[in-house]
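# A structural walkthrough
As a plain string of letters, each chain reads:
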Amino acid sequence: MAKPSSSNTILEERKDFMVSPFGDSKPALRKAYFLKPTATSMEEPELPSDSISPLSPQTLQRNNCPLKSSSMSWVHPNQDWITWVSRMQSKHQAAWKKSGIDQAILNSTYDIKKSIELIIGLSEKWCPNTNTFVFPWGEATITLEDVIILGGYSVLGSPVSCFVENREWEVIEEKMMDARMNIVRSRARKACQHAWMKKFSNGGSEIEHEAFLALWLSRTVFQNSSHTIRKQVFPIAICLARGIPIALAPAVLASIYRDLSRLKRAIVAGNNESRLELFSPVQLVQFWAWERFPILQPKPDVLNFGDPRSARWDRAKIPKIPKVENVRLTLDSAAESFLWRPYAKSLKNWSFPEFYRENEELVLADSGFDIHLESFIRCLRVSKILGLDYMENYSPHRVAMQFGMDQDLPGRVNLDKTREIAWMNYNKPTSDTKLYIPSRLSESNVTTRYLKWWEQMVLGKNKKVSGSSQQQRSAKRSKPDLQVSKGEKTSIDPDVPPGFRPKNNMNESRISAKKDKPAAVEMLAGNNQQSFGNEVIANGELRGQSQCNFTSNVHDGTDRNMEPPSQSAQNISGGEATMGAAGRATDQTGGGQENTAAGNTTSNRLSINGNAGESNGYKLDIAELENWITLLERKVAKLKAARRLGAQV
């Protein structure tokens, strides 16, 4: 049997030293599966451009007043459209399912509220060179999998540049062209979508189904500045009406990539007053963020059986995110809360995609792959994806953990320049003799060289970046003791959270806030606030009895306490832990004894005072800390029990 060409394979299987993405686990040599191509050296991977470097203060200030929201095409369904969809669904649902557009059409009936601040905040992180979001804690992007699940579009089928194939189809196309021309010649003076709907939605036309699909494609999939019926979609509509699949997903994703790059360039240039034309389905960007950043999402609705996943956001009330900088801070601090595989979690009345498996599998290619696995292969393959008149690079090997795979250094890719060759390579069968399907509950890792590359080559490009998010990584890996003044010795107590002293030493130290602050206190610099464990440090004060419990499972299988979000993130989520000095008196007595109204009760406190004239103080009540530890241990125990039972946590 001939050995498969390595250029046509998408997976690489080998043993390597693997660590958690946070670098807080010991390297372990094991078999891993990587998306190809992988790099041969740390100098090979294409580095993200200015996305990892902080924008200038002037640019950030401009972005706090976002671009005109009218520059983004955002379609809200009206009752006439919803009624037409319902009537056409009763007649043609079988054809829609066969062509793979049934859920995409239903998605067009949902009213999704726009969060311009979220779109702008995400766009600041976009890298046009790699078509990925570049956060201080890693790369992520919208993939074909997201477009399948959230948009309801198919990755399989003919290209969007298809043509009519026979005389019967040509006649239908001619009738549609005549109808479009009659509307242009009317008082509308353009192929107005409203006039098109009025002409065909009352029934009676022999091409009503094709006309309906042409409006759907022009209205939600391939929008334009004049909001007209696009004649380029007529061949696509004719094919879809006959149950012939068209690969709409890569075209939709290519348009999103294109518009995110346009928006990023406008942000960098500071064109806040210009009208930037964006016509991709930007709702998918918002869906993607809501699915993966739980703190940013509105309260989702409960799905009815058979509903598309996006139905949970229908008429959802947007969380109050008053400023773009709040989104910015939340994204930067989302290292542990980001959901790499949100669709792997159980959701009431929603079925997992067929390529999600409970246990990992190796599927042999002897008898070929079914359409579900073929769809998964398209999601995993590096390719050039095609729109109506544009092409974009698709690089899933840079975000392998979004598919449950392990992450290695992403290799450079020289993709095709012509549409014909690009489509052939996108649509070709894989040469892999077996396809690895990860368990939906698997936790991915990164190679040691990837972690080193990210920390040195990417974050190392700009120290200011590592000063914010890298402190968070450092805090996770730091020893669980305070950095004390010279001459003092400390011991490590596994029962004490990182950054705190053992309980029996709590009243023994006074620590310099300038030279010997612990990592948790250093994080207060700049915005004077940082979440720590289950409490909130704000303006130098540790608050007891915080109402937010956060835990996460790290990739080595252990449970670890997770910092709650910063002030802006707390405000976004509607949490009750409001930070800042306003409305709260700060005790300046330092470490000592405190008399209470109930008697001469004495409590030990640890105080970290800043320089003279500074009002920041760090105070810790031992009783409150012990209470917090007890609550946290209970929470961890419940999470572990739920995990063992396979429940969603």
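Residues numbered from 1 in each chain as written. Predicted model: local features only at pLDDT ≥ 70, side-chain atom pairs only at ≥ 80, totals over all residues. Heavy atoms only, no water.

### A short note on the overall build of the protein chain
Summing up its helical and strand segments, the protein chain has 19 helices and 17 strands in all. Per-residue burial for the protein chain yields a buried fraction of 53% across its 649 residues. Excluding contacts between residues fewer than 6 apart, the proportion of contacts in the protein chain whose partners are at least 24 apart in sequence is 74%. About 29200 Å² of surface is accessible on the protein chain, with carbon and sulfur atoms providing 49% of the total. (Helix = DSSP H or I, 4+ residues; strand = E, 2+ residues; numbered from the N terminus. Buried < 20%, exposed > 50% of the residue type's maximum accessible area, 1.4 Å probe, protein only. Contact = heavy atoms within 4.5 Å. Areas by Shrake-Rupley, 256 points an atom, 1.4 Å probe, with all protein chains shown as cover.)

### Examining the sheet that holds strand 1 (residues 11-19)
On the basis of which strands lie adjacent, the open sheet formed by three strands has the order 2-1-10 and antiparallel pairing. A single partner strand is all that each edge strand has here, and the edge strands are strand 2 (28-35) and strand 10 (446-447). (Pairing = 2+ DSSP bridges.)

### Quick word on the environment of Ala311
Along the chain, Ala311 turns up in the loop between helix 11 (283-292) and helix 12 (324-332). Look at Ala311 and you get buried, because its relative accessible area is 9%. When the C-alpha positions of Ala311 and Leu106 are compared, they lie 8.7 Å apart, and in sequence the two are 205 residues distant. Residue contacts for Ala311: discarding those within four places in its chain leaves Tyr110 and Leu303.

### Observations regarding the packing of helix 4 (residues 116-124) against helix 10 (residues 248-269)
Close contact between helix 4 and helix 10 brings their axes to 9 Å; oriented N to C, the two are set at 85°. It follows that helix 4 is roughly perpendicular to helix 10 by the angle criterion. Touching Ile119, Ile120, Ser123 and Glu124 of helix 4 are Leu260, Leu263, Lys264 and Ile267, all from helix 10. Class assignment of the residues belonging to the contact of helix 4 with helix 10 gives a composition of five nonpolar, one polar and two charged. (Axes fitted to C-alpha atoms, helices over the stretch in contact; angles between N-to-C directions. Parallel < 35°, antiparallel > 145°, perpendicular 65-115°, else oblique. Nonpolar A, V, L, I, M, F, W, Y, C, P; charged D, E, K, R; others polar.)

### Examining the nonpolar core
Ranked by size, the top nonpolar core spans 142 residues in total, and within it Trp196, Trp216, Phe222 and Leu248 carry the most contacts. In contact with Trp196, not counting residues within four places along its chain, are Met176, Ala179, Arg180, Ile183, Ala211, Ala214, Leu215, Ile229 and Phe234. (Core = buried A, V, L, I, M, F, W, Y, C linked by side-chain atoms within 4.5 Å.)

### As for the sheet that holds strand 5 (residues 138-140)
The strand order 3-4-5 describes an open sheet built from three strands, whose pairing is antiparallel. Each edge of the open sheet carries a strand with a single partner, namely strand 3 (126-127) and strand 5. Sheet topology places strand 4 (residues 132-135) next to strand 5; three bridges connect them, and they run antiparallel. Within the sheet, the bridge partner assigned to Phe133 lies in strand 5 and is Ala140.

### Quick notes on helix 11
For helix 11, the tally of buried residues reaches ten of ten residues, placing the bulk of the element in the interior. Turning to helix 11, its buried residues are Gln283, Leu284, Val285, Gln286, Phe287, Trp288, Ala289, Trp290, Glu291 and Arg292. Packing partners of the buried residues in helix 11 comprise helix 4, strand 4, strand 5, helix 5 (144-151) and helix 10.

### Concerning the packing of aromatic side chains
This structure, assessed with the given rule, holds 29 aromatic pairs. Seen from their ring centres, Trp126 and Phe133 are 4.9 Å apart, and the 70° between their planes marks the pair as edge-to-face. Take Trp126 and Phe133: they sit in the same class, and that class is buried. Aromatic side chains Trp288 and Phe338 sit 6.1 Å apart centroid to centroid with 50° between the ring planes, which places their arrangement in the tilted category. With Trp288 in helix 11 and Phe338 in the loop between helix 12 and strand 6 (361-364), this residue pair connects regions lying 50 residues apart in the sequence. Note on Trp288: relative accessible area 0%, which makes it buried. Judged by its relative accessible area of 4%, Phe338 falls in the buried class. Ring pairing ties together the aromatic residues Trp126, Phe133, Phe135, Trp137, Tyr257, Trp288, Phe293, Phe338 and Trp340, which thus form one cluster. The ring of Tyr390 is capped by Arg258, whose NZ or CZ atom sits 4.3 Å from the centre of that ring. The aromatic ring of Trp350 is capped on one face by Arg309, whose charged end is 4.4 Å from the ring centroid. (Phe/Tyr/Trp six-rings, centres within 6.5 Å; stacked < 30°, edge-to-face > 60°. Lys NZ or Arg CZ within 6 Å of the ring centre and 35° of its normal.)

### Here's the deal with the environment of Arg30
Within the fold, Arg30 resides in strand 2. Taking relative accessible area as the criterion, Arg30 reaches 26% and is therefore assigned partly exposed. Beyond its immediate stretch of four places on either side in the chain, Arg30 contacts Arg14, Lys15, Asp16, Met18, Asp406 and Asn445.

### So, helix 5
Within helix 5, eight of the eight residues are buried, which leaves the element mostly enclosed by the surrounding structure. Of all the positions in helix 5, only Leu144, Glu145, Asp146, Val147, Ile148, Ile149, Leu150 and Gly151 are classed as buried. Along its buried surface, helix 5 packs onto helix 3 (102-107), helix 10, helix 11, helix 13 (371-380), strand 8 (391-394) and helix 14 (419-427). Taking the backbone nitrogen of Glu145 as reference, a side-chain oxygen 3.2 Å away marks Thr143 as the first, capping residue of helix 5. Two residues or fewer after helix 5 comes Gly152, characterised by a positive phi angle close to 80°. (Polar contact = N/O pair within 3.5 Å; in protein donor to acceptor, adjacent residues only side chain to side chain.)

### With respect to the pattern of salt bridges
Here the idea is simple: oppositely charged side chains can pair when their charged atoms come close. Tallying each qualifying case throughout the model produces 26 salt bridges. Salt-bridge contacts for Arg315 lead to Asp314; the nearest nitrogen and oxygen are separated by 2.9 Å. Among the ionic pairs, Glu358 bridges to Arg440, the shortest N-O distance being 2.5 Å. Of this pair, Glu358 sits in the loop between helix 12 and strand 6 while Arg440 sits in the loop between strand 9 (434-437) and strand 10; the two residues are 82 residues apart in sequence, bridging distant segments of the chain. Look at Glu358 and you get partly exposed, because its relative accessible area is 45%. (Salt bridge = Lys/Arg side-chain N within 4 Å of Asp/Glu carboxyl O.)

### Description of the environment of Thr40
You can see Thr40 is positioned in the loop between strand 2 and helix 1 (57-63). Distance from Thr40 to Arg412, taken between C-alpha atoms, is 9.9 Å for residues 372 residues apart in sequence.

### What to know about the pairing of strand 7 (residues 383-386)
On strand 7, burial covers both faces: Ser383 and Ile385 on one face and Lys384 and Leu386 on the other are all buried. Pairing between strand 7 and strand 8: four bridges, direction antiparallel. Within strand 8, the position partnered with Ile385 by the bridge is Glu392. Here strand 7 hands over to strand 8 after four residues, the two strands then running antiparallel side by side.

### Some words on the side chain of Arg230
Among the secondary structure elements, Arg230 is positioned in the loop between helix 8 (208-221) and helix 9 (234-241). Of the side chains with opposite charge, Asp389 comes closest to the buried, unpaired Arg230, at an N-O distance of 4.7 Å. Only 3.4 Å separates the side chain of Arg230 from the backbone oxygen of Phe222, close enough to count as a polar contact. Look past the residues within four positions of Arg230 in its chain and what remains in contact with it is Ser218, Phe222, Gln223, Asn224 and Leu388. (Lys, Arg positive; Asp, Glu negative; His and termini not counted.)

### Thoughts on the side chain of Gln402
You can see Gln402 is positioned in the loop between strand 8 and helix 14. Note on Gln402: relative accessible area 1%, which makes it buried. For Gln402, the contacting residues outside a window of four places in its chain are Ala140, Thr141, Thr143, Glu145, Asp146, Trp288, Arg292, Trp340 and Arg341.

### Quick look at the confidence of the model for the protein chain
On average, residues of the protein chain carry a pLDDT of 74, and 65% of them reach 70 or more. When the criterion is pLDDT under 50, residues 462-620 qualifies, and its contacts beyond four places in sequence or with other chains add up to 302 contacts. (pLDDT = per-residue confidence, 0-100.)

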